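What follows is each chain in one-letter form.
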Amino acid sequence: MSGQYSGVQARIKEINPLVYYVPCSAHSLNLVGISSAESCSQASMFFGFIQQLYNFFSASTHRWSILQLNMKHNANTIKSLSNTRWSARADACRALYNSWDEIINALVTIKDDIFEKCATRNESNGLYNQMQKLETSFMVIFWNYILERFNASNKQLQCVEIGNDKVSQIYTSLINLVQKTRDNFNEYETKAKKISKITEYNVDITRQKKKKIHFDEKAEQTELSGGDKFRVETFYVIIDKITNELEKRHQSYKTFCDLFEVLLKITSLNSLKIVESAEKLQKMYPNDLDNTFSSECLHLQSYLLNSNIDIDINILTPITLCQYLREKSLHIEIFPNVDTALRIFISVPVSNCTTERSFSCLKRVKNYLRSTQNDEKLNSLALFSIENEMLKELNCEDLIDAFAKTKCRRKPIV
């Protein structure tokens, strides 16, 4: 879809070269998580373990009841993973972290029950042994922290009011957060030892195979300890992968926002920088912006810095600025080019999640029970489902009465 040589992006630009490609911010963040989860074997094994844990308990109502009995008043029961919704992975990691002891107790109950099947006891024992590893508890704490921030950012990226400038800021904040997390290995290790009550990594307590050294080979270098090996081969690999993917995805939004820098930082730039940025934007859209665009930007800065205006420049965004110019009728004669540039910027979509939800709605409406309905009825039902909040506020009694009178088959007896 996004191929710049033969994809949809390239084909659209053949028709209109002024179209600027900006990927869906929410989907890009999901792709960052997918890439980081597949960056090393430990990360892939960890998410596979979470899914196995859910499959084991959910496959039987008896096992699920044992789990719920151990949960008591803890509402964070285990969750399944999802390939498309990374919020499900955040919920799964949070549930495993908050219910660590309860899940272990449920596994111990099943594996020690002599009345259970051998296959069930063996599977429960395998999951229990996996939870008795320091690596597993470390990954639970680490991914719970990372996915919690990813999930919160992903929800914000799907808001209708958000703009490309906010997307760039959110991605920048995530990059800085992940880079700071690189120095917190000892903190995560301490927390992992506390919840798992295990002090050694699996590498340290497992017998290592010794390779026979021939006369023409050099002696092997000193092996790393379990903690150092896990930090170098797993922790740093995941952190670096997340950082690289975030920077790569962030570049598209940063390039687009840099083009409209004169509008995003209109109150903080100096006069020379305003003229330079305005001329750069005017050359990008020569058919839409006149040569007076730079002078309008300078005038707008002077207008906004005036202490008598009724708008707070500290919370100024492109959308609020465009609305303000139109409320004060300044977009017609004084700042027409600025208004055009603002509308170009805010009309570029940040996410297509709302559109995809509409397609998901169509899939729910037209199921196998309604496979013969025509397009008009399908569109009407889909519109009802999509705009269900508005539909609930309408008074449909008159429509129901009119429909009943129209479709009534009873004939009055004269």
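Residues numbered from 1 in each chain as written. Predicted model: local features only at pLDDT ≥ 70, side-chain atom pairs only at ≥ 80, totals over all residues. Heavy atoms only, no water.

- The name that an unreviewed UniProt entry assigns to the protein is HAT C-terminal dimerisation domain-containing protein, with the source organism given as Macrosiphum euphorbiae.

**A look at the overall build of the protein**
Here's step 1: Looking only at helices and strands, the protein features 21 helices and zero strands.
Here's step 2: Here the C-alpha atoms of the protein give a radius of gyration of 29 Å, more than 25% beyond the 22 Å that 2.2 N^0.38 yields for 414 residues.
Here's step 3: Looking at the 414 residues of the protein, the share that counts as buried comes to 38%.
Here's step 4: A separation of at least 24 residues holds for 70% of the contacts in the protein among residues at least 6 apart in sequence.
Here's step 5: Element-wise, carbon and sulfur atoms account for 51% of the exposed surface of the protein, whose accessible area totals about 25900 Å².
Here's step 6: The distance from the centre of the 52 positive side-chain charges to the centre of the 48 negative ones in the protein is 7 Å. (Helix = DSSP H or I, 4+ residues; strand = E, 2+ residues; numbered from the N terminus. Rg over C-alpha atoms; globule rule 2.2 N^0.38 Å. Buried < 20%, exposed > 50% of the residue type's maximum accessible area, 1.4 Å probe, protein only. Contact = heavy atoms within 4.5 Å. Areas by Shrake-Rupley, 256 points an atom, 1.4 Å probe, with all protein chains shown as cover. Lys, Arg positive; Asp, Glu negative; His and termini not counted. Charge placed at Lys NZ, Arg CZ, Asp CG, Glu CD.)

**Points about the nonpolar core**
Here's step 1: Counting residues in each nonpolar core, the largest one holds 93 residues, and the members touching the most others are Phe-47, Phe-57, Leu-96, Ile-103, Trp-143, Leu-246 and Phe-293.
Here's step 2: Apart from residues no more than four positions distant in its own chain, Phe-57 is found in contact with Arg-63, Trp-64, Leu-67, Ile-78, Ile-103, Ala-106, Leu-107 and Ile-110. (Core = buried A, V, L, I, M, F, W, Y, C linked by side-chain atoms within 4.5 Å.)

**Things to note about the layout of surface pockets**
Here's step 1: Its boundaries defined by the atoms lining it, the largest pocket holds a volume of some 1100 Å³.
Here's step 2: For the largest pocket, the lining is made up of 32 residues, of which Ser-2, Tyr-21, Val-22, Pro-23 and Cys-24 are closest to its centre.
Here's step 3: Secondary-structure elements contributing two or more residues to the lining of the largest pocket are α1 (8-15), α2 (25-37), α12 (226-259), α17 (336-347) and α18 (353-365).
Here's step 4: Tallied by class, residues from the lining of the largest pocket come to 16 nonpolar, 11 polar and five charged. (1 Å grid on protein atoms, 1.4 Å probe; cavity = no way out; pocket = protein on both sides within 12 Å on 5 of 7 lines; lining within 4 Å. Points joined across faces, edges and corners; volume = space filled by probe spheres on them. Nonpolar A, V, L, I, M, F, W, Y, C, P; charged D, E, K, R; others polar.)

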